[in-house]
Amino acid sequence: MANIHIPVSVLNLAPIREGQDQKQAIDAMVDLAQAVEEMGYTRYWIAEHHNTPTLVSSATSILIKHTLEHTKRIRVGSGGVMLPNHSPLVVAEQFGTLATIYPNRVDLGLGRAPGTDMMTASALRRSKNDSVFTFPEDVEALLTYLGPEEQQGYVRAYPGADTNIPIYILGSSTDSAYLAASLGLPYVFASHFAPRYMEEAISIYRSRFKPSEYLDKPYMMVCLNVIAAETDAEAEFLSTTAQQFFLNVVRNSRMPLQPPVENLDQVWNAMEKEAAASMARLTFIGSKETIREQLSRFQEKYNVDELMVVSYIFDPEKQKRSYEIFKEIVDGK
C-alpha cells in the first residue's frame, strides 16, 4: 500500500478573483493561510510573478512578511524567489531579516525562470548579462550568505549569516533536478503547470543525489492541483475555474479568476482545450474517496516525501473545504 500519510503544504499565486480588487486578493491570501494553518498544513508558499494584472504576487518577500505576521506556526516561504531578477545578497538580507523576526518559520524556494515575459524580465534584471545562466552560482552564494558565520567572506548579509534558512530548488525541467542533486538540497517539481518532465526529473534527482550538510538523503516534493468537494460532480464543476485559469495562460487573456461554468465547450475550442489540459494534467479532482484513490496511485508510482497543493477554486469557502478534505485524506480520516 502506498504511503499517503505525508506532509502537505500549500502554494498560492495570489490570484485576483473576478469582482475583487488587489487588496481583497491579498486579504484572501492571508485568510487562506490562517485556515490551512489551523488544518495542520506544513508550509505556505507564495509565488513570484511580474506584469500580470490578475496576480498580486510580485513583491513576494513583502507578502511573506504580511502572512507571517498574521499566522502563528505555519512555515511561510517563496515558491519561489526567481533568482535571475534579484541579487543573491539582497535576497539573503531580506530573508535573513524575516528569519530574525520569525525564527524557524521561513523557507526559501529558488527558481531560475524570470516569472514573466522577456521585456518585463529585462526591466527587472539586475544586470544586462543573462543571469539565468548564473543560477547555480547564485544558489551557492545564497547558501554561503545564510550559512555559518565562520564560512562568510568579506561581503556578508546582516541579518542573514547563521540563520541557516532552508533552501529548496524549484524546477519545471530536468536542469534543476541535476542542480538540486549535486548540491544535496530538497527539490520541488512544478507539476501544477508543467507536468511533462516530472517523472524524468524525479528519477534524475534521486539517482544523482549527493548527501550534504543540508540533507542526508533526497527530499522530493511535488506541486500539483487539487479540487476536492463533497461529490465528484461538484468537484468537476468547481474545477472549471482552474481550467479557465489555464485557458487564460494559453490565450494570454489576463482575466481574473473566473466563477465555475456548466459547459466549458462554450468557452474554448479544441486546440485551446488540449493546451490547457496538458498544463493541468496533474490534478486530483473528486470526492474524498476518489482523491484518496488518485493520491494512492500517485504515491505507489512516485512515493514523494511531501506534496504542495494549489487549488484554484472561485468560492473561498469551497477552496478551504477542498484543502480540508485533502488534509483529512493524508491524516487517514
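Procedures and definitions
Residues numbered from 1 in each chain as written. Predicted model: local features only at pLDDT ≥ 70, side-chain atom pairs only at ≥ 80, totals over all residues. Heavy atoms only, no water. Buried < 20%, exposed > 50% of the residue type's maximum accessible area, 1.4 Å probe, protein only. Helix = DSSP H or I, 4+ residues; strand = E, 2+ residues; numbered from the N terminus. Arc of directions from axis to C-beta. Contact = heavy atoms within 4.5 Å.

Undergrad: Can you help me understand helix H5 (residues 135-145) in this one?
TA: Helical geometry: 3.6 residues make up each α-helical turn, so side chains three or four residues apart lie on a common side. Where H5 is concerned, the buried positions are Phe135, Asp138, Val139, Leu142, Leu143 and Tyr145. Down the axis of H5, the sector holding all buried residues measures 165 degrees, keeping them to one side. Considering only its buried residues, H5 is in contact with helix H3 (88-101), strand S4 (106-111), strand S5 (167-171) and helix H6 (175-183).

Undergrad: Looking at this model, I keep getting lost on unusual backbone geometry. Mind explaining?
TA: Most peptide bonds take the trans configuration, and most residues that are not glycine carry a negative phi. Of note, the bond from Gly79 into Gly80 is cis; its omega dihedral lies within 30 degrees of zero at 0 degrees. Relative to the helices and strands, Gly80 resides in strand S3 (residues 75-82). In this structure, Pro159 follows Tyr158 across a cis peptide bond, with omega equal to -15 degrees. Tracing the sequence through the fold places Pro159 in the loop between H5 and S5. With a phi close to 55 degrees, Ala14 is a non-glycine residue in the positive phi region. Positionally, Ala14 belongs in the loop between strand S1 (8-12) and helix H1 (22-39). Ala14 gets classed as buried once you look at its relative accessible area, which sits at 1%. Of note in the backbone geometry, Asn51 takes a positive phi value of approximately 55 degrees without being a glycine. Positionally, Asn51 belongs in the loop between strand S2 (43-46) and helix H2 (60-69).

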